[in-house]
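Structure assessment
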Amino acid sequence: MFSRNRRLRFSSSIRAVVRETVLNPLDFIYPIFVVEGIGVKEEISSLKGNYHYSVDMLEEILLQVKEAGIKGVMVFGLPKNKDSIGSSAWQQDGVVQRAVRKIKELSPQLMVITDVCMCQYTDHGHCGIIRNSIVDNDATLEYISKIALSHVAAGADMVAPSDMMDGRILAIRKLLDDNGHINTPIMSYSAKYASAFYGPFRAAAQSAPQFGDRKTYQMDPANIREAMREIEADICEGADIIMVKPAMSYLDVIRWSRDRFEVPIAAYNVSGEFAMIKAAAEKGWLDERNAALELLTSIKRAGADIIITYFAIDACRWLREGDEK
Ligand code: PBG
């Protein structure tokens, strides 16, 4: 006797019934890029189908997010001015702070998460303060927490620090608590790797480092045990949700995290993963819908509870349209 595993594959109904991992709109967080100016809606060439919006133009995309059934967005800002300490990152009339206020006004139910980092705001493009030509960990903490507080003061429901400084979760938690924001969760980019797959994002956010690279603060792609230490430290410091980023080449990291920690796990399906599928689909080399849903399913199967993805809106539509094509 041998087992006839094919029995459970013969119709789309039976496949649906035995399917172990099912995507739904609640899995997704959609990233939104906000720019200064008025009347701006410009497609991001490295992230096809995603746009730079000025604050006054956000209504349309918020409607699409709502219709898709997506419950959360992640806001990224592109400021007008950059300087060595990223001072436009924590202004109350900064681009993210204005965007957050607008989104909460238009879509009060939508969960607004902000990316907390300095690289879009510094003229050197690094995620922290430079002292003696290195990114100075402890000097950066004060700035990162100040940025997080300014986002929460503007109405952000959750902050997501992506700078990878040691001790940032503790510093942010303390400053938020001291200012009465004890119930605002932190989603920590805990296991964030120094990845080549951020390329299209850096083009979109104009945040590429102007010298050197991010390898002294983001993780070495070769390491998984170290990722567990990062996550453990962040949970101890008060992170409510932890993140693994990128997702596609790090499914093992997501799985290890799922098996070891009891907090919700987010995975960031990053710009390079999105762009590869888009570009190949444009060439007719693979089917965008099927490739994207397969990738998103694999991220969820690996153990992610939350998937941050540029495919979010399209994926919800594909799921609505039907299971298989
Ligand atoms: C900011 C930040 C980056 C991404 C999210 N937040 C870029 C980087 O670390 O260089 C990348 C997201 C993506 O590639 O989709 N630090």
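The structure contained in this document is the topic of the report that follows. (Residues numbered from 1 in each chain as written. Predicted model: local features only at pLDDT ≥ 70, side-chain atom pairs only at ≥ 80, totals over all residues. Heavy atoms only, no water.)

**Thoughts on the layout of surface pockets**
Looking at the second largest pocket, its volume works out to about 270 Å³. Top contributing element to the lining of the second largest pocket by residue count: helix α2 (residues 59-68), with five residues. Partitioned by chemical class, the residues of the lining of the second largest pocket number seven nonpolar, three polar and three charged. (1 Å grid on protein atoms, 1.4 Å probe; cavity = no way out; pocket = protein on both sides within 12 Å on 5 of 7 lines; lining within 4 Å. Points joined across faces, edges and corners; volume = space filled by probe spheres on them. Helix = DSSP H or I, 4+ residues; strand = E, 2+ residues; numbered from the N terminus. Nonpolar A, V, L, I, M, F, W, Y, C, P; charged D, E, K, R; others polar.)

**A look at the pattern of salt bridges**
Counted according to the given criterion, the structure contains 15 salt bridges. The partner of E288 in a salt bridge is K278, and the shortest N-O contact between them spans 2.7 Å. Of this pair, E288 sits in helix α10 (residues 288-302) while K278 sits in helix α9 (residues 271-282), placing them ten residues apart in sequence. Among the ionic contacts, a cluster of salt bridges with common partners joins D163, R168 and D234. (Salt bridge = Lys/Arg side-chain N within 4 Å of Asp/Glu carboxyl O.)

**So, the site of the ligand**
Around the ligand, 19 residues are found, and the nearest of them are K192, R202, K245, S271 and Y310. Contacts to the ligand include R202, whose side-chain N or O atom sits 2.6 Å from an oxygen atom. S271 is positioned with one of its side-chain polar atoms (N or O) 2.7 Å from an oxygen atom of the ligand. Notes on the ligand: free accessible area 400 Å², of which the protein chains cover 100%. Here the ligand is seated within the largest cavity. Of all the secondary structure elements, the ones that give two or more residues to the shell around the ligand are β9 (187-192) and α6 (199-205). In terms of residue class, the shell around the ligand is made up of eleven nonpolar, three polar and five charged. (Near = heavy atom within 4 Å. Polar contact = N/O pair within 3.5 Å; in protein donor to acceptor, adjacent residues only side chain to side chain. Areas by Shrake-Rupley, 256 points an atom, 1.4 Å probe, with all protein chains shown as cover. Sits in = over half its atoms within 2 Å of the grid points.)

**A look at the environment of L286**
Position of L286 relative to the elements: it lies in the loop between α9 and α10. Once the C-alpha coordinates of L286 and G49 are considered, the two residues, 237 residues apart in sequence, prove to be 17 Å apart. Setting aside chain neighbours within four positions, we find L286 in contact with I277, A280, A281 and A291. (Contact = heavy atoms within 4.5 Å.)

**Looking at the nonpolar core**
In this structure, F33, M74 and M187 are the most contacted members of the largest nonpolar core, which totals 111 residues. Sort the elements by how many residues they give to this core and helix α4 (residues 137-154) lands first, with nine residues. If we skip the residues at most four places from it in the chain, F33 touches I44, L47, Y51, H52, Y53, F76, L78, F201, A204, A205 and Y310. (Core = buried A, V, L, I, M, F, W, Y, C linked by side-chain atoms within 4.5 Å. Buried < 20%, exposed > 50% of the residue type's maximum accessible area, 1.4 Å probe, protein only.)

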